[in-house]
Amino acid sequence: AQTVKLAVVRGDGIGPEVVDEALKVLHAVLPDDLVVQETAFSLGATRYLETGDILSDADTAALAEHDAILLGAVGGDPRDPRLAGGIIERGLLLKLRFAFDHYVNLRPTTVYSSVASPLADPGAVDFVVVREGTEGPYVGNGGAIRVGTPHEIATEVSLNTAHGVERVVRYAFDLASRRPRKHLTLVHKSNVLVHAGALWQRTVAAVAEEHPDVTVDYQHVDAVTIHMVREPGRFDVIVTDNLFGDIITDLAGAISGGIGLAASGNINPDGTFPSMFEPVHGSAPDIAGQQVADPTAAVLSVALLLDHLGRADLASAVTQAVEADLASRGTTPRSTAEVGDAIAAAVAARTTTA
Ligand code: NAD
Ligand code: IPM
Ligand code: MN
């Protein structure tokens, strides 16, 4: 049997609630020839407020011993002054993405026909955003002087390297050429951010030469928000930088019927470090502890994890169980655990009949 060491970071807010359901589904789908050994890591705002630790070198080293990471969400109440400045988000989540070289942040969007999208007539929608995960304005390359004076100057410089852009663009082309429609859209803002924009455009043009099977277009990020609402079916693979990818994937989550459906994988394609799977959403302090969060995004993140482990068969069993659950959703609200139970039951039913 294949043994997989899985680090589990339940995190803060709704994180523990949705991860518990995701693990329920994972255990329901596991066949005899795949063994998952879980290690729980207590990381996040809750732990920081108790101990003062965010992510030690020892934590990182221990996480690195695993094959993959499943993360719920981290971050506390944004009004808590002790958590100001994104101390958890930057010190934990981004630190892990950087330390484990998660240069591909994979964020698929499907509009399931049974789900009420806020769009009246979305049509067939199935696209993947390949968001760069280790560069852009996320690297902390900035500063402020004369803070609090009328002459304050604050900068946040976006970092784009030829190496970093090329590797994520290559991943996106490889993905596009494996998909039926074989289309790639570069999203940037090259009419204003000319230096980085030129690097991205030149890189896409160069890699496109090696992929004559893939059709390519370019959209400015502002226009993408229009097209994603008006005609989301036009997209197949979108490749974009860290910040644009962050913003458009929340929009993508919303059009698919809710952020509670949006899954993601922070991938280190080289396999040097563990990849990390997490819902796109955050810790949702507004609904935490109430058992009302939708665990579907966390469950679908498990599907991405299984796919990454080379078990596309199990990944599609999970996705199909989610589809079945979405199709049978009525108007009666269900608790987080009820949704997890229903998906786990659908997985188990499918596994026994298969
Ligand atoms: P959020 O995604 O936590 O919440 C945005 C809105 O979506 C809220 O109204 C929330 O109730 C709703 N929502 C989110 N997940 C849901 C689910 N599964 N089911 C139903 N509704 C859901 O974003 P935010 O409010 O901007 O951030 C809250 C905290 O989470 C902040 O500290 C932020 O930094 C952090 N955050 C963490 C991650 C992460 O860990 N990956 C991602 C985003 C935000
Ligand atoms: C996400 C989140 C993070 C990001 C934050 C919490 C640092 O919004 O995973 O989308 O901006 O990448
Ligand atoms: Mn985000």
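Residues numbered from 1 in each chain as written. Chains lettered and ligands numbered in written order. Predicted model: local features only at pLDDT ≥ 70, side-chain atom pairs only at ≥ 80, totals over all residues.

Concerning the site of ligand 2
Around ligand 2 sit Gly 75, Glu 89, Leu 93, Leu 94, Asp 246, Val 280 and Gly 282, and that is every residue in its neighbourhood. Sorting elements by how many residues they give to the shell around ligand 2 places helix H4 (residues 87-99) first, with three residues. The class makeup of the residues in the shell around ligand 2 is three nonpolar, two polar and two charged. (Near = placed C-beta within 6 Å. Helix = DSSP H or I, 4+ residues; strand = E, 2+ residues; numbered from the N terminus. Nonpolar A, V, L, I, M, F, W, Y, C, P; charged D, E, K, R; others polar.)

Observations concerning the nonpolar core
If you look at the biggest cluster of nonpolar residues, it comprises 91 residues, and the most contacted ones within it are Val 25, Val 130, Val 302 and Val 318. When residues in this core are grouped by element, the largest group, nine residues, is from helix H9 (residues 296-308). Not counting chain neighbours up to four residues away, the residues in contact with Val 130 comprise Val 104, Leu 106, Val 168, Tyr 171, Ala 172, Leu 175, Val 237, Ile 238 and Val 239. (Core = buried A, V, L, I, M, F, W, Y, C linked by C-beta atoms within 7 Å. Buried ≥ 20, exposed ≤ 12 C-beta atoms within 10 Å, placed from the backbone. Contact = placed C-beta atoms within 7 Å.)

Some words on the environment of Thr 215
Along the chain, Thr 215 turns up in strand S9 (residues 215-220). The exposure class assigned to Thr 215 is partly exposed, which follows from the 14 C-beta atoms found within 10 Å. Through-space distance from the C-alpha of Thr 215 to that of His 151 is 48 Å; in sequence the pair is 64 residues apart. Setting aside residues no more than four positions away along its own chain, Thr 215 makes contact with Lys 182 and His 183.

Focus on the site of ligand 1
Around ligand 1 sit 22 residues, and of these Gly 75, Gly 260, His 281, Gly 282 and Ala 284 come closest. Residues that form the shell around ligand 1 fall into these classes: 12 nonpolar, six polar and four charged.

What about the UniProt feature "site: Important for catalysis" (unreviewed entry) in the chain?
Summarizing the sequence annotation, UniProt attributes the feature "site: Important for catalysis" (unreviewed entry) to Tyr 138 and Lys 189 in the numbering used throughout. Within the element layout of this structure, Tyr 138 appears in the loop between strand S5 (126-132) and strand S6 (142-145). Given 20 C-beta atoms within 10 Å, Tyr 138 falls into the buried group. Excluding residues within four positions of it along the chain, Tyr 138 makes contact with Leu 94, Asn 242 and Leu 243. Relative to the assigned elements, Lys 189 resides in the loop between strand S8 (183-188) and helix H6 (194-209). (UniProt positions renumbered as here; feature names shortened; annotations may be inferred.)

Looking at H6
A rise of 1.5 Å per residue sets the reference length of H6, with its 16 residues, at 22 Å; its end C-alpha atoms lie 22 Å apart and thus fit the reference within 8%. Taken together, the buried positions of H6 are Trp 200, Thr 203, Val 204 and Val 207. Along the long axis of H6, the arc covered by the buried residues comes to 100°, so they all point the same way. Projecting away from the buried face of H6 at angles above 90 degrees are the exposed residues Val 194, His 195, Ala 206 and Glu 209. In this structure, the buried side of H6 is in contact with helix H5 (162-178), S8 and S9. (Expected span 1.5 Å × (residues − 1). Arc of directions from axis to C-beta.)

Structural notes on the sheet that holds strand S11 (residues 263-267)
Taken in spatial order, the 10 strands of this open sheet run S2-S1-S3-S12-S11-S4-S5-S10-S8-S9, and their pairing is mixed. Every other strand in the sheet has two partners, leaving strand S2 (34-40) and S9 as the edge strands with one partner each. Recorded for the sheet is a direction-independent mean angle of 25° between the axes of neighbouring strands. Pairing between S5 and strand S10 (residues 237-240): four bridges, direction parallel. Its bridge partner being in S10, Val 130 is matched across the sheet by Val 239. Here H6 sits on the sheet in contact with S8 and S9, set at roughly 165° to S8. (Pairing = 2+ DSSP bridges. Axes fitted to C-alpha atoms, helices over the stretch in contact; angles between N-to-C directions.)

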